[in-house]
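Chains, contacts and geometry: an overview
One letter stands for each residue in the lines below.
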Amino acid sequence: MYLQKRNRILRQSPAIRSLVAETTLTPNDFIVPLFIDEGKNAETEIASMPNYYRRSLDLTTKEVKALWGLGLKSVLLFIKCKEEQKDNTGKEAWNKNGLMQRSIRAIKDAVPEMLVMTDVALDPYSSFGHDGIVRDGEIMNDETVEALVQMSISHAEAGADFVAPSDMMDGRVCAIRKGLEENNFTKVGIMSYSAKYASCFYGPFRNALDSAPGFGDKKTYQMNYANRIEALKETLMDVEEGADIVMVKPALAYLDIIREVKNTVQVPVSAYNISGEYAMIKAAAKMGWIDEDKAILETLTSIKRAGADLIATYFAKDAVKLLSA
Ligand code: PBG
């Protein structure tokens, strides 16, 4: 048989396959989400996220040192707020001595070069479990944005390198940028969750922080998963308003959106390989139905191939170990 072109030539050995690989993962790609709780020397495995933990601050700083040692360079902080500190204003979110603020300081103290990014949204602080202030069953946009600005400034004061608004209120990036400028935080970046969809895949995360909405759902602020053009509108507006990095979330059911966003904007694009995506791989692996290590690398590579420059993932540590094996 005479063939002018044999595509299998470039696939015949590991050496040639790696030489022509279009996408490669490195530790520089990953952002590590961390769940932080009050207490000392305490760690709790999250039931729906096997082998992922909520840790007290002392153990968190230890973990951050280990992450830095593995070559991971950024963490994204989430805290679990005590029930008695939750209310409908979210004011614990900008308490100078709140768990988030103490965590930022302790982590920057322990590993100054580690990039510290912080989640900015009211849900862990809200007695209603919503990302915003609630009035008569409605999530109020403008009041919430004011709260998010205070929250962002207090994270910046504590030493955060990036604030990451994950709330999906209108106008928050612009307002946060203005707040940071007015308070002289000219080096603090904004990684905006620009295209964040109302997704069932956030379930395990809400278990981790006990932050499930107390009534209704998040569909009046998070996006409808049926929409694509809306993601571009949201993302372009965030860039215009001053986002340094934009994000698509979730990742796996939204690879098309990641690609479109990547082709549309001139800022780094991140994607969040979220809790439900983690849980699905863990569950199938536990049943013996898929090979966990292979699934991790295939999944993360697909997110990067789709166009993500950065990936927030609970698999960061596993991936780095697998990559260096
Ligand atoms: C809250 C927030 C959520 C996640 C990150 N920030 C949950 C939500 O919007 O309900 C989800 C992360 C994950 O599922 O891994 N603003």
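Residues numbered from 1 in each chain as written. Predicted model: local features only at pLDDT ≥ 70, side-chain atom pairs only at ≥ 80, totals over all residues. Heavy atoms only, no water.

Some thoughts on the pairing of strand E12 (residues 310-313)
Residues of E12 alternate between two faces, with Leu310 and Ala312 on one and Ile311 and Thr313 on the opposite face, all of them buried. Inspection of the sheet shows strand E1 (residues 30-37) paired to E12 by 2 bridges, in the parallel sense. Counterpart to Phe30 in the pairing with E12 is Ile311. One ladder, built from 4 bridges, connects strand E11 (residues 269-273) with E12; its direction is parallel. (Buried < 20%, exposed > 50% of the residue type's maximum accessible area, 1.4 Å probe, protein only. Helix = DSSP H or I, 4+ residues; strand = E, 2+ residues; numbered from the N terminus. Pairing = 2+ DSSP bridges.)

Let's talk about the nonpolar core
Phe30, Phe35, Leu77 and Tyr272 are the most contacted members of the largest nonpolar core, which totals 99 residues. At 8 residues, helix H4 (residues 141-158) tops the list of elements feeding residues into this core. Beyond its immediate stretch of four places on either side in the chain, Phe30 contacts Leu25, Leu72, Ser74, Leu300, Ile311, Thr313, Ala316, Ala319, Val320 and Leu323. (Core = buried A, V, L, I, M, F, W, Y, C linked by side-chain atoms within 4.5 Å. Contact = heavy atoms within 4.5 Å.)

Quick notes on the packing of helix H7 (residues 229-241) against helix H8 (residues 255-264)
Axis separation between H7 and H8 bottoms out at 10 Å; the angle between their running directions is 45°. Classified by the interaxial angle, the pair formed by H7 and H8 is oblique. Every pair of crossing elements has a handedness; the one defined by H7 and H8 is right-handed. Residues Ala231, Leu232, Thr235 and Leu236 of H7 pack against Ile257, Glu260, Val261 and Thr264 of H8. Split by residue class, the contact of H7 with H8 holds 5 nonpolar, 2 polar and 1 charged. (Axes fitted to C-alpha atoms, helices over the stretch in contact; angles between N-to-C directions. Parallel < 35°, antiparallel > 145°, perpendicular 65-115°, else oblique. Left-handed = near helix turned anticlockwise from the far one by under 90°. Nonpolar A, V, L, I, M, F, W, Y, C, P; charged D, E, K, R; others polar.)

Things to note about unusual backbone geometry
Residue Pro250 follows Lys249 across a cis peptide bond; omega there is -10°. Along the chain, the position of Pro250 falls in the loop between strand E10 (245-249) and H8. One non-glycine residue, Asn51, lies in the positive phi region at around 65°. Relative to the helices and strands, Asn51 is located in strand E3 (residues 49-56). At Asn184, a residue that is not glycine, the phi angle is positive and equals roughly 70°. Note that Asn184 resides in the loop between helix H5 (172-182) and strand E9 (189-196).

Points about the pattern of salt bridges
Applying the stated criterion to the full structure yields 20 salt bridges. A salt bridge links Lys178 to Glu182; the nearest nitrogen and oxygen atoms lie 3.4 Å apart. With Lys178 and Glu182 both in helix H5 and 4 residues apart, this pair spans about one turn of that helix. By relative accessible area, which is 52% here, Lys178 ends up exposed. One salt bridge in this structure joins Lys282 and Glu292, with 2.7 Å as the shortest N-O distance. You can see Lys282 sitting in helix H9 (residues 275-286) and its partner Glu292 sitting in helix H10 (residues 292-306), a full 10 residues away along the chain. What you see here is one network of salt bridges that share partners, running through Glu43, Arg55, Glu63 and Lys317. (Salt bridge = Lys/Arg side-chain N within 4 Å of Asp/Glu carboxyl O.)

Brief notes about the site of the ligand
Every one of the 17 residues lining the ligand counts as a neighbour, but Lys196, Arg206, Lys249, Ser275 and Tyr314 are closest to it. At 2.7 Å, a side-chain N or O of Lys196 approaches an oxygen atom of the ligand. Measuring from an oxygen atom of the ligand, one finds a side-chain N or O atom of Ser275 at 2.7 Å. The fraction of the free accessible surface of the ligand (400 Å²) that becomes covered by protein chains is 100%. Classifying every residue of the shell around the ligand by side-chain character gives 7 nonpolar, 3 polar and 7 charged. (Near = heavy atom within 4 Å. Polar contact = N/O pair within 3.5 Å; in protein donor to acceptor, adjacent residues only side chain to side chain. Areas by Shrake-Rupley, 256 points an atom, 1.4 Å probe, with all protein chains shown as cover.)

Digging into the side chain of Thr118
With respect to the element layout, Thr118 can be found in strand E5 (residues 115-120). Overall, Thr118 belongs to the buried group, its relative accessible area being 0%. When sequence neighbours within four positions are dropped, the list of residues in contact with Thr118 reads Leu76, Leu77, Met100, Ile104, His155, Ala160, Phe162, Val163 and Ala164.

Remarks on H4
Here H4 is 18 residues long and its end C-alpha atoms lie 26 Å apart, about the 26 Å a rise of 1.5 Å per residue gives. Within H4, burial applies to Thr144, Val145, Ala147, Leu148, Val149, Met151, Ser152, Ile153, Ser154, His155, Ala156 and Ala158. Just downstream of H4 lies Gly159, where phi reads positive at about 115°. (Expected span 1.5 Å × (residues − 1).)

Some details on the packing of aromatic side chains
Under the criterion given, the structure shown has 13 aromatic pairs. For the pair Phe78 and Phe205, a centre-to-centre distance of 5.0 Å together with 80° between the ring planes defines the contact as edge-to-face. Placement of Phe78 in strand E4 (residues 74-79) and of Phe205 in helix H6 (residues 203-209) is noted, with a sequence separation of 127 residues between them. Across the pair, exposure class does not vary: Phe78 and Phe205 are buried alike. Three or more aromatic residues link up through ring pairs in this structure, and these residues are Phe35, Tyr52, Phe78, Tyr193, Phe205, Tyr272, Tyr278, Tyr314 and Phe315. Sitting over the ring of Tyr202, Lys196 keeps its end group 5.3 Å from the ring centre. (Phe/Tyr/Trp six-rings, centres within 6.5 Å; stacked < 30°, edge-to-face > 60°. Lys NZ or Arg CZ within 6 Å of the ring centre and 35° of its normal.)

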